[in-house]
Amino acid sequence: VPQPRGLAVGRDGSLYVADGDEGRLLRFRAPAAPVLTGLPAFTNQSPLTVTGTTEAGARVDLFVNEATTPVSATATSAGAFTLTVPLALNASNALEAFATAHGGNGLTSAPTDATVTHDDLAPLLAFQAPPALAHVRQLVPIQAEASDGGSGIAQLGLTAGARPLTATLVPTPPAGANRT
């Protein structure tokens, strides 16, 4: 019968037991951290559906913005899970997921961290030249300003008919506002 002389928990959640009589170190492995799949960097959806994989039958706990109560689900026999989590609106959301083996009765994994920014504010585009309702022909300089108080401007594209126009952007995206 083992005579435990010391306990320690590793970074991955594994439990180490020192067996004093036998001179052995026993390791009880924690499940691997859950893998979150298809998670967007930006979304306008809340709640957000989060999918992933982990050890079969493990309980997955997902904390949003350091909440004290997680959203939880049990992984299928294939290790898949789906969670629906509320996000703070128009803000960056920190997600932290853990897997606990044996449906929540085993060791707990190291966390998986992710960030999702919720943004349901539409960007604004204002044409500054040529003036509204102006009659133009031949080569015409166009000046516009795009802004987004949420996640910022990632790209800006201008077309005339179906043809893309060459644009110089100041500042270069991503940015909160761009002029061309």
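Residues numbered from 1 in each chain as written. Predicted model: local features only at pLDDT ≥ 70, side-chain atom pairs only at ≥ 80, totals over all residues. Heavy atoms only, no water.

### Digging into the overall build of the protein
Note the threshold: Only DSSP runs of H or I covering at least 4 residues are called helices, and only runs of E covering at least 2 are called strands; the numbering of each starts at the N terminus. Radius of gyration: C-alpha atoms only; globule rule: 2.2 Å multiplied by the number of residues to the exponent 0.38. In this scheme, a residue with accessible area under 20% of its type's maximum is buried, one over 50% is exposed, and one in between is partly exposed, where area comes from a 1.4 Å probe on protein chains only. Contact criterion: two residues are considered in contact whenever any of their non-hydrogen atoms come within 4.5 Å of each other. All accessible-area figures derive from a Shrake-Rupley calculation using a 1.4 Å probe, and residue coverage is judged against the displayed protein chains alone.
Counting secondary structure elements, the protein contains 1 helix and 16 strands. Its C-alpha radius of gyration of 26 Å places the protein more than 25% over the 16 Å reference for a compact globule of 180 residues. Taking the principal axes of the C-alpha coordinates as reference, the protein spans close to 95 × 30 × 30 Å. Counting across all 180 residues of the protein, residues that qualify as buried make up 27%. In the protein, once contacts between residues fewer than 6 apart in sequence are set aside, the share between residues at least 24 apart is 48%. Carbon and sulfur atoms make up 55% of the accessible area of the protein, which totals about 11300 Å².

### Observations concerning the packing of aromatic side chains
Think of a pair of aromatic rings as described by two things: how far the centres are apart, and how the planes are tilted against each other in angle. Note the cut-off: Classification of ring pairs rests on two measures: the distance between centres of Phe, Tyr or Trp rings, Trp counted by its six-membered ring, which must be within 6.5 Å, and the angle between planes, read as stacked under 30 degrees, edge-to-face over 60 and tilted in between.
Counted according to the given criterion, the structure contains 1 aromatic pair. For the ring pair Phe-63 and Phe-98, a centre distance of 6.1 Å and an interplane angle of 85° mean the geometry is edge-to-face. Of this pair, Phe-63 sits in strand β7 (residues 59-64) while Phe-98 sits in strand β10 (residues 92-100), placing them 35 residues apart in sequence.

### Thoughts on the sheet that holds strand β8 (residues 71-74)
Either a parallel or an antiparallel arrangement is found when strands of a sheet pair, and the pairing is made through backbone hydrogen bonds. To keep it simple, the criterion reads: Note: two strands are recorded as paired if DSSP finds a minimum of 2 bridges between them.
Spatially, 5 strands are ordered β5-β11-β10-β7-β8 in an open sheet, and the strand pairing comes out mixed. Pairing within the sheet leaves two strands with one partner each, and these edge strands are β5 (42-43) and β8. Note: β5 against strand β11 (residues 112-118), 2 bridges, orientation parallel. Directly across from Phe-42, in β11, lies its bridge partner Thr-117.

### Observations concerning the side chain of Ser-14
As for its position among the elements, Ser-14 is in the loop between β1 (4-9) and β2 (15-19). When near neighbours in sequence (up to four residues on either side) are disregarded, Ser-14 contacts Ala-8, Val-9, Arg-27, Phe-28, Arg-29, Ala-30 and Leu-107.

### Observations regarding the sheet that holds β2
Going by this rule: Between N-to-C directions, angles cover 0 to 180 degrees, with each direction set by a line fitted to C-alpha atoms, over the stretch in contact for helices.
If you walk across this open sheet you meet the 3 strands as β1-β2-β3, and the pairing is antiparallel. The sheet is open, and its two borders are formed by β1 and β3 (24-28), each paired with just one other strand. Taken pair by pair, the neighbouring strands of this sheet meet at an average axis angle of 20°, ignoring direction. With 5 bridges joining them, β1 and β2 adopt antiparallel strand pairing. Counted as the bridge partner of Leu-7 is Val-17 from β2.

### A word on a nonpolar patch on the surface
Selection rule: Residues forming no salt bridge and having over 30% relative accessible area are the ones grouped into patches, like charges within 9 Å of each other and nonpolar side chains (Val, Leu, Ile, Met, Phe, Trp, Tyr) within 5 Å. Salt bridges are counted wherever a side-chain nitrogen of Lys or Arg sits within 4 Å of a carboxyl oxygen of Asp or Glu.
Among the surface-exposed residues, Leu-125, Phe-127, Val-136, Val-140, Ile-142 and Leu-165 lie close enough to one another that they form a single nonpolar patch of about 490 Å² accessible area. Position of Val-140 relative to the elements: it lies in the loop between β12 (124-129) and β13 (143-147).

### As for the nonpolar core
We count it as follows: Buried residues of nine kinds, namely Ala, Val, Leu, Ile, Met, Phe, Trp, Tyr and Cys, make up a nonpolar core once their side-chain atoms join them within 4.5 Å.
With 15 residues, the main nonpolar core has Leu-62, Val-85, Leu-87 and Leu-95 as its most contacted residues. At the level of secondary structure, the elements contributing two or more residues to this core comprise β6 (48-53), β7, β9 (80-85), β10 and β11. The contact partners of Leu-87, leaving out residues within four places of it in the chain, are Thr-43, Gln-45, Ser-46, Leu-48, Val-64, Asn-93, Leu-95, Val-116 and His-118.

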